[in-house]
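Examination of the molecular architecture
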Amino acid sequence: MNISVELTFSPLQDDFEEHIINFIKKLRASGLTVLENPLSTQVFGEYNEVMDVLKNDIKEAFELMDKGLLFMKIVKSDRSQYEPFF
């Protein structure tokens, strides 16, 4: 089963940019399809593979910061090729 995940990672501290950059670089290195925009990062792939990567990367990111939050949306389908029709 393929999924699409939208992530918005928000460290609640002054050095937030470093944490966001490191998190995105780890996702890029995972081999999964990763798309980015200024407001969120999308990850696409097989459910178990995506969730294993996210489980490890989110835990590491949280351990490296004092306070933060992560918003995550999961869609049951691979939406990586989606193009607006309007």
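Only a predicted model underlies this, so the values are computations on that prediction, with no experimental measurement involved.

1. Some points on the pattern of salt bridges
As enumerated under the stated definition, the model contains five salt bridges in all. In this structure, the salt-bridge partner of D57 is K26, at a minimum N-O distance of 3.8 Å. With a gap of 31 residues between them, D57 in helix α2 (residues 47-63) and K26 in helix α1 (residues 16-29) connect regions that are remote in the sequence. Accessibility expressed as a relative area gives 8% for D57, which makes it buried. Residue classification places K26 among the partly exposed residues on the basis of a relative accessible area of 35%. A salt bridge links K59 to E63; its shortest N-O distance comes to 4.0 Å. Here K59 and its partner E63 are both found in helix α2, four residues apart, which amounts to about one turn of the helix. An identical accessibility class is assigned to K59 and E63; each is exposed. Here the salt bridges do not stand alone but share partners, grouping K26, D57 and E60 into one network.

2. Some words on the sheet that holds strand β2 (residues 33-36)
One open sheet accounts for four strands, arranged β2-β3-β1-β4; its pairing is antiparallel. Only two strands of the sheet have a single neighbouring strand rather than two, namely β2 and β4 (68-75). Direction aside, neighbouring strands of the sheet carry axes that sit 20° apart on average. As paired elements, strand β1 (residues 2-11) and strand β3 (residues 41-46) share six bridges and run antiparallel to each other.

3. Describing the pairing of β3
Among the six residues of β3, five are classified as buried, and the element is accordingly described as predominantly covered. Of the strand pairs in this sheet, β2 and β3 are connected by four bridges, and their pairing is antiparallel. Residue pairing for β3: V34 is matched across the bridge by V43. The hairpin formed by β2 and β3 contains four residues between the paired strands.

4. Digging into α2
Two residues of an α-helix separated by three or four positions point the same way, owing to the 3.6 residues in each turn. In a regular helix each residue adds 1.5 Å, so 17 residues correspond to 24 Å; α2 covers 24 Å between its end C-alpha atoms and thus fits that length. Taken together, the buried positions of α2 are V50, V53, L54, D57, I58 and A61. Mapping the buried residues of α2 onto a view down its axis gives an arc of 120°, with all of them on the same face. In α2, the exposed positions angled more than 90 degrees off the buried face are occupied by K55, K59 and E63.

5. Some thoughts on the side chain of S4
Within the element layout of this structure, S4 appears in strand β1. Within the structure, S4 has its side chain in polar contact with the backbone nitrogen of R79 (distance 2.7 Å). Among residues more than four places away in sequence, those in contact with S4 are V43, F44, K73, I74, V75, S77, D78 and R79.

Calculation notes
Residues numbered from 1 in each chain as written. Predicted model: local features only at pLDDT ≥ 70, side-chain atom pairs only at ≥ 80, totals over all residues. Heavy atoms only, no water. Salt bridge = Lys/Arg side-chain N within 4 Å of Asp/Glu carboxyl O. Helix = DSSP H or I, 4+ residues; strand = E, 2+ residues; numbered from the N terminus. Buried < 20%, exposed > 50% of the residue type's maximum accessible area, 1.4 Å probe, protein only. Pairing = 2+ DSSP bridges. Axes fitted to C-alpha atoms, helices over the stretch in contact; angles between N-to-C directions. Expected span 1.5 Å × (residues − 1). Arc of directions from axis to C-beta. Polar contact = N/O pair within 3.5 Å; in protein donor to acceptor, adjacent residues only side chain to side chain. Contact = heavy atoms within 4.5 Å.

In short, geometric facts, not functional conclusions.
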